[in-house]
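Tertiary structure, described
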Amino acid sequence: LIAMVASLFVERFTIKPGMNEDEETRLLLADVTYGAAAVLVLWTGYLRVTQYEKGWEFYQHESLFWVKMSLFAILGASSLFNTAKIIQREFFGGAVDDVMSEKLAERMLKIVNGELLAMAFIPLMATLMSRGIGYDELIPWQIGAGVTGFLFVGLGGKYLVEAFTWKEDV
């Protein structure tokens, strides 16, 4: 989680209108680090839920676990916009052909700010969850998994469509 937060802060303080080539490269490296750290967090979280600690029998009935998973889904989905725009600019000529616009920088910063806000609540959910707050055996896991999946697919699609259809004001 620390690598994810650090990467987001690098993105937060790098994104600006008119970035130079070094700043565009720093942004790409921060985004790659963020993605790799997110995959690692997801994998270790999976192992923790299925192999260690309290196990799936506990987590499936823990409402705050599903809030935490939903926050992670929101993080992953919202990061798709920035990742798509960074890839477009780095590998398909956007950064070479033109400098980052005020409008694009503002949109990307709003997303990073939202990601940092969501990231702030994940440890809080983990702390409360570890104390059994929100546990209820009557909660079916399918509800939490459905909401989490819906958030990721719905928001992921929204952010990808927005990235691929992005138009600058002329």
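Everything quoted here is computed from the prediction, not taken from an experiment. (Residues numbered from 1 in each chain as written. Predicted model: local features only at pLDDT ≥ 70, side-chain atom pairs only at ≥ 80, totals over all residues. Heavy atoms only, no water.)

1. Quick word on the side chain of Q60
What counts is decided by this rule: Helix and strand assignments come from DSSP, with helices taken as H or I runs of at least 4 residues and strands as E runs of at least 2, each series counted from the N terminus. Residue burial is assigned from relative accessible area. The probe radius is 1.4 Å, only protein chains are included, and a residue is buried under 20% of its type maximum, exposed over 50%, and partly exposed in between. Within 3.5 Å is the distance limit for a polar contact, defined as a pair of N or O atoms, with the added protein rule that one can donate a hydrogen and the other accept it, and that residues adjacent in sequence qualify only through two side-chain atoms. By the convention used here, residues are in contact when the closest approach between their heavy atoms is within 4.5 Å.
Examined against the element boundaries, Q60 turns out to sit in the loop between helix 3 (56-59) and helix 4 (63-91). For Q60, a relative accessible area of 9% puts it in the buried group. Engagement of the side chain of Q60 in a polar contact is seen with the side chain of E57, the distance being 3.1 Å. Apart from residues no more than four positions distant in its own chain, Q60 is found in contact with W66, I139, P140 and W141.

2. Here we look at helix 4
Worth spelling out the cut-off: Multiplying 1.5 Å by the residue count of a helix minus one yields the expected span of that helix. A residue's bend is simply the angle between two axes: one fitted to the seven residues ending at it, one to the seven starting at it.
End to end, helix 4 covers 41 Å across 29 residues, agreeing with the expected 42 Å (1.5 Å per residue, within 8%). Helix geometry: helix 4 is bent most strongly at L80, by close to 30°.

3. Thoughts on helix 2 (residues 21-50)
Taking 1.5 Å per residue as the helical rise, helix 2 with its 30 residues ought to reach 44 Å, and the 44 Å between its terminal C-alpha atoms agrees with that figure. Where helix 2 begins, the capping side chain belongs to N20, and its oxygen is found 3.0 Å from the backbone nitrogen of D22.

4. Remarks on the nonpolar core
Quick reminder of the rule: Put simply, buried Ala, Val, Leu, Ile, Met, Phe, Trp, Tyr and Cys residues joined by side-chain atoms within 4.5 Å make one nonpolar core.
By size, the foremost hydrophobic cluster in this structure holds 38 residues, and its most contacted members are M4, I15, L75, F81 and M108. Mapped by element, the contributors of at least two residues to this core are helix 1 (2-14), helix 2, helix 3, helix 4, helix 6 (102-130) and helix 7 (141-164). Ranked by residue count, the leading element in this core is helix 6, at 12 residues. Leaving out residues up to four positions away in the same chain, L75 has contacts with M4, Y34, E115, A118, M119 and I122.

5. Considerations on the packing of helix 2 against helix 4
The condition is simple: Here the axes come from fitting lines to C-alpha atoms, over the contacting stretch only for helices, and the angles between their N-to-C directions go from 0 to 180 degrees. Working definition: roughly parallel below 35 degrees, roughly antiparallel above 145 degrees, roughly perpendicular at 65 to 115 degrees, and oblique for all remaining angles. Left-handed is the label given to a crossing in which the near helix is rotated counterclockwise from the far helix by less than a right angle, and right-handed is the label when the rotation is clockwise. Three classes are used: nonpolar for Ala, Val, Leu, Ile, Met, Phe, Trp, Tyr, Cys and Pro, charged for Asp, Glu, Lys and Arg, and polar for all others, with Gly counted as polar.
Interhelical geometry of helix 2 versus helix 4 gives an angle of 155° and a closest axis separation of 10 Å. Accordingly, the angle class assigned to the pair helix 2 and helix 4 is roughly antiparallel. For the crossing formed where helix 2 meets helix 4, the hand is left-handed. Contacts between helix 2 and helix 4 pair E24, T25, L27, L28, D31, Y34, A38, V41, L42 and V49 from the former with F65, F72, L75, S79, T83, I86, R89, E90 and F91 from the latter. Of the residues belonging to the contact of helix 2 with helix 4, the class tally is 12 nonpolar, three polar and four charged.

6. Some thoughts on the packing of helix 4 against helix 7
In contact at an axis separation of 8 Å, helix 4 and helix 7 are set at 15° when each is read in the N-to-C sense. By the angle class used here, helix 4 and helix 7 are roughly parallel. The hand of the helix 4/helix 7 crossing is right-handed. A breakdown of the residues in the contact of helix 4 with helix 7 according to their chemical character gives 18 nonpolar, seven polar and two charged.

7. Comments concerning the confidence of the model for the protein
Selection criterion: Each residue carries a pLDDT score, the predictor's own confidence in it, on a scale running from 0 to 100.
Per-residue pLDDT for the protein averages 92, and the proportion of residues at 70 or more is 96%. The spread of mean pLDDT over the elements of the protein runs between helix 5 (residues 94-97), the lowest at 52, and helix 1, the highest at 96.

8. A word on the pattern of salt bridges
Between side chains of opposite charge, pairing is possible as soon as their charged atoms come close. Selection rule: Take a side-chain nitrogen of Lys or Arg and a carboxyl oxygen of Asp or Glu: if they are within 4 Å of each other, that pair is a salt bridge.
For the coordinates displayed, the defined rule picks out five salt bridges. Put simply, R89 and E24 hold a salt bridge, and the shortest N to O gap is 2.7 Å. Separated by 65 residues along the polypeptide, R89 in helix 4 and E24 in helix 2 bring together distant segments of the chain. Across this residue pair, the class does not change: R89 and E24 are buried. Among the charged side chains, a salt-bridge network with shared partners connects R107, K158 and E162.

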